[in-house]
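Each chain, letter by letter, is given below.
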Amino acid sequence: MAPTLSLTTHHLRNVLDPLISFSGPTLPASELNSLIALFSSLLITPPPSLADLRLSRIHLAILDINGVATRWPEKVVDLAEEVKEMWEAELGIVSLKGIGWECPRLDDWRGCESLGRREVLVRWLKEPNTLLSPARARKVGELGFKAGDWWINALFALKAGIIDSADPKGGIVADAKGAYAVLMSGEDEIRGETADEFTYRARDGNKGRYRLTAATVDSRQPVRILRSHNLRSFFSPVAGVRYKVTSWAIVLDKGTKKMVYDIKFKRLPNEPSMEGVLSRPWAEELDDYRLYKRMRRDARLQAAAEAARRPDLVVSSDGTAEMCLWREVLW
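Each value, and the rule that gives it
- Residues numbered from 1 in each chain as written.
- Predicted model: local features only at pLDDT ≥ 70, side-chain atom pairs only at ≥ 80, totals over all residues.
- Heavy atoms only, no water.
- 1 Å grid on protein atoms, 1.4 Å probe; cavity = no way out; pocket = protein on both sides within 12 Å on 5 of 7 lines; lining within 4 Å.
- Points joined across faces, edges and corners; volume = space filled by probe spheres on them.
- Nonpolar A, V, L, I, M, F, W, Y, C, P; charged D, E, K, R; others polar.
- Helix = DSSP H or I, 4+ residues; strand = E, 2+ residues; numbered from the N terminus.
- Axes fitted to C-alpha atoms, helices over the stretch in contact; angles between N-to-C directions.
- Parallel < 35°, antiparallel > 145°, perpendicular 65-115°, else oblique.
- Left-handed = near helix turned anticlockwise from the far one by under 90°.
- Contact = heavy atoms within 4.5 Å.
- Buried < 20%, exposed > 50% of the residue type's maximum accessible area, 1.4 Å probe, protein only.
- Arc of directions from axis to C-beta.
- Polar contact = N/O pair within 3.5 Å; in protein donor to acceptor, adjacent residues only side chain to side chain.
- Salt bridge = Lys/Arg side-chain N within 4 Å of Asp/Glu carboxyl O.

Asker: Before we go on, may I ask you to explain the layout of surface pockets in this structure?
Answerer: Estimated volume of the largest pocket: approximately 400 Å³. Lining the largest pocket are 21 residues, and of these Asn 14, Pro 18, Ser 279, Pro 281 and Leu 286 lie nearest its centre. Looking at the lining of the largest pocket residue by residue, the class counts come to eleven nonpolar, three polar and seven charged. What the second largest pocket holds in volume is close to 310 Å³.

Asker: It is not clear to me how empty space enclosed by the protein should be interpreted in this structure. Could you clarify?
Answerer: Any space left empty among the atoms is revealed by the rolling of a water-sized probe across them. Following the criterion strictly, the structure yields two cavities of 30 Å³ or more and no others. Put simply, the second largest cavity is a space of about 30 Å³. Taken together, Leu 12, Arg 13, Asp 17, Ala 61, Asp 64, Ile 65 and Trp 72 make up the lining of the second largest cavity. When residues of the lining of the second largest cavity are traced back to their parent elements, those giving at least two are α1 (2-23) and α4 (58-67).

Asker: Looking at this structure, I do not really get the packing of α4 against helix α5 (residues 74-91). What am I missing?
Answerer: When two helices pack together, their arrangement is given by the angle between their axes and by how far apart the axes lie. Interhelical geometry of α4 versus α5 gives an angle of 130 degrees and a closest axis separation of 9 Å. Regarding the angle of α4 to α5, the classification is oblique. In terms of crossing hand, the pair formed by α4 and α5 is left-handed. Residues Ile 58, Ile 62, Leu 63, Ile 65 and Asn 66 of α4 form the contact with α5, whose own contacting residues are Val 76, Val 77, Ala 80, Glu 81, Val 83, Lys 84 and Trp 87. Residue classes in the contact of α4 with α5 are distributed as nine nonpolar, one polar and two charged.

Asker: How should helix α6 (residues 117-125) be read in this particular structure?
Answerer: Note on helix geometry: an α-helix contains 3.6 residues per turn, so any two residues three or four positions apart are oriented the same way. All of the buried residues along α6 are Val 120, Leu 121 and Trp 124. Taken down its axis, α6 places every buried residue within 95 degrees of arc, on the same side. Packing partners of the buried residues in α6 comprise α8 (154-160).

Asker: Honestly, the side chain of Arg 280 in this entry has me stumped. Any pointers?
Answerer: Within the fold, Arg 280 resides in the loop between α10 (274-278) and α11 (283-309). A residue is classified by how much of its surface remains accessible, and Arg 280, at 13% relative accessible area, is buried. A polar contact is formed between the side chain of Arg 280 and the side chain of Glu 285, at a distance of 2.4 Å.

Asker: Mind showing me how you'd approach unusual backbone geometry here?
Answerer: Working note: non-glycine residues mostly have negative phi, and peptide bonds are mostly trans. In this structure, the amide linkage connecting Arg 280 to the following residue, Pro 281, adopts the cis form with an omega of 5 degrees. Tracing the sequence through the fold places Pro 281 in the loop between α10 and α11. Look at Arg 57: it is not a glycine, yet its phi comes out positive at around 65 degrees. Tracing the sequence through the fold places Arg 57 in the loop between α3 (50-56) and α4. Notably, Leu 143 is not glycine yet its phi reads approximately 60 degrees, a positive angle. Mapped onto the elements, Leu 143 comes out in the loop between α7 (134-137) and β1 (150-151). Accessibility expressed as a relative area gives 22% for Leu 143, which makes it partly exposed.

Asker: What am I meant to see in the environment of Leu 5 here?
Answerer: Looking at where Leu 5 falls in the secondary structure, it is placed in helix α1. The class of Leu 5 is buried, set by a relative accessible area of 7%. Sequence-wise, Leu 5 and Ile 58 are 53 residues apart; in three dimensions their C-alpha atoms are separated by 6.2 Å. With near-sequence residues (within four places) excluded, Leu 5 lies in contact with Pro 48, Ser 56 and Ile 58.

Asker: Explain the pattern of salt bridges to me, please; I cannot follow it from the model alone.
Answerer: Note on pairing: side chains with opposite charge can pair once their charged atoms come close. Under the criterion given, the structure shown has 23 salt bridges. Of the charged contacts, one joins Lys 159 and Asp 108 as a salt bridge, the two residues approaching to 2.9 Å between their closest N and O atoms. One end of the pair, Lys 159, is in helix α8; the other, Asp 108, is in the loop between α5 and α6, and 51 residues separate them in sequence. Counted as one network, the salt bridges with shared partners bring together Arg 13, Arg 57, Asp 64, Arg 105, Asp 287, Asp 288 and Arg 290.

Note that every value here comes from positions in space, so none of it alone points to a role or purpose.
Structure (structure tokens):
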């Protein structure tokens, strides 16, 4: 049941909800009839198990419909509310809000909430069949990734093997032979002419800019572009890091006296439509991002509480013993 419910959830949250947000509560007749039939069938069948609910996240889709009732057709809202109340009663739970969801994206990270970035990477490097490899990231091509693929942050993109650093500020993935990828953040994108073209300003001190602008054959290969959510751009994702492939051309910046590297990128013509790329992150990906942020916050609060209860012994400069509160800096 879970795979079918997962597809239904994806359609509700990532297709119909954006459609309603844009055009209002009027749905095509076929979609409206399908929704009415769906919720009507859920009312006459036993509720899914808690495991199936957490795996499919169908309860989150129902909560979304109830939570923004004015955006959905009234008949759909009423049926969704009936399904919610029936499931809560038959499953013996106070609220669907409290049952959570399965998050395989964070399976390898659980237990690392209180660790620093370096400790997390050491743990991941010990995993069998790990893709975390700077050598892998320093290769030309898509490396098996698709335009629109999404990660929570640079650390997870590094784990996937598409970049060679977890630095949240981003930068250029390069070696002596050429450049292979760019993670943009902050003010790196100085112009975004269209969704398919933009101008990137390489940071001072980033040696990868020389590879991007070199005249060798190896340096003329397309590179992978990742946009961080904190990039000041109309095309940055709501959260996390998104990926796409581009070609590039050098643009000489004559508007400043200092030496800068402004590099114009253009997507390859055979790449998928940007419409699909810009639809990411999906609702389920935002769920995972929020869960990750909540787990990080809870770890910080727990560390602060432990620090307040656990004094450590230190030796001052004059050789006397003093008591101090232990502190840990989390990344």
